[in-house]
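# Topology and contacts: notes
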Amino acid sequence: MRLLRLGDLRPAPADPATFTGAAQVTRMPAVAEEPAVNAYRVAFEPRARTAWHAHSGLQLLVVLSGRCRVQREGEPVQVAAVGDVVSIAAGERHWHGAGPDGPMVHLAINVDSATTWFGKVSEPEYEGD
Ligand code: MN
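Here is a short report on the structure shown in this document.

Cut-offs used in this document
- Residues numbered from 1 in each chain as written.
- Predicted model: local features only at pLDDT ≥ 70, side-chain atom pairs only at ≥ 80, totals over all residues.
- Heavy atoms only, no water.
- Donors = N, O, S within 2.8 Å, 3.2 Å for Na, K, Ca; no water.
- Buried < 20%, exposed > 50% of the residue type's maximum accessible area, 1.4 Å probe, protein only.
- Pairing = 2+ DSSP bridges.
- Helix = DSSP H or I, 4+ residues; strand = E, 2+ residues; numbered from the N terminus.
- Polar contact = N/O pair within 3.5 Å; in protein donor to acceptor, adjacent residues only side chain to side chain.
- Contact = heavy atoms within 4.5 Å.

Attention now moves to the coordination of the manganese ion. Ideal values differ by geometry: the angle at a metal is 109.5 degrees with four tetrahedral donors, but 90 or 180 degrees with six octahedral donors. In this structure, His53 (NE2), His55 (NE2), Gln59 (OE1), His94 (NE2) and His96 (NE2) serve as the protein donors to the manganese ion, at separations of 2.1 to 2.2 Å. Each donor residue of the manganese ion belongs to the same chain, with the gaps between them written as H-x1-H-x3-Q-x34-H-x1-H. Residue His94 shares its accessibility class with His96, and that shared class is buried.

What follows is about the sheet that holds strand E3 (residues 23–33). The 6 strands lie next to each other as E1-E3-E4-E12-E7-E10, forming an open sheet whose pairing is antiparallel. Each edge of the sheet is formed by a strand with only one pairing partner; in this case those strands are strand E1 (12–13) and strand E10 (85–88). The pairing of strand E4 (residues 36–44) with strand E12 (residues 104–111) spans 8 bridges and is antiparallel. Residue Phe44 lies in a different strand from E12, and its bridge partner there is Met104.

To continue, consider unusual backbone geometry. Following Glu34, the chain continues into Pro35 via a peptide bond in cis, with omega recorded as 0 degrees. In this structure, Pro35 sits in the loop between E3 and E4. Despite not being glycine, Arg47 has its phi angle at roughly 75 degrees, a positive value. Position of Arg47 relative to the elements: it lies in the loop between E4 and strand E5 (49–50). The exposure class assigned to Arg47 is partly exposed, which follows from its relative accessible area of 28%.

On to the side chain of Glu92. Along the chain, Glu92 falls in the loop between E10 and strand E11 (94–98). Looking at Glu92, its side chain comes within polar contact range of the side chain of Arg72, at 3.4 Å. When residues no more than four places from it in sequence are discounted, the contact partners of Glu92 are His53, Ala54 and Arg72.

Written out as structure tokens, the structure reads:
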């Protein structure tokens, strides 16, 4: 057993090349090695979101606070609440971020997974238009 303490880790600003708006990412690397699991606590300001992207393996999102907007390409924008879990399969193009009315924090758990980034999420896409 190993306990990763959040207080021992330092948040860093999200890469503006792959995020819209302000977000702070706390990397929790090598949560496990077999399979390889990496976790990221991401705190988004209102309207902040990732760019479109896909993972080569499973990603789970656990909403820790606020309301999380999430969308799989070709499907409507959905809203996940605190305690909800979003399961994103390998290869699914998607994005995730905060709703317009407040900040949001989620834990992203990537299992044996690398990320490929695509374009930014436009305002109409964010709004679900
Ligand atoms: Mn993702």
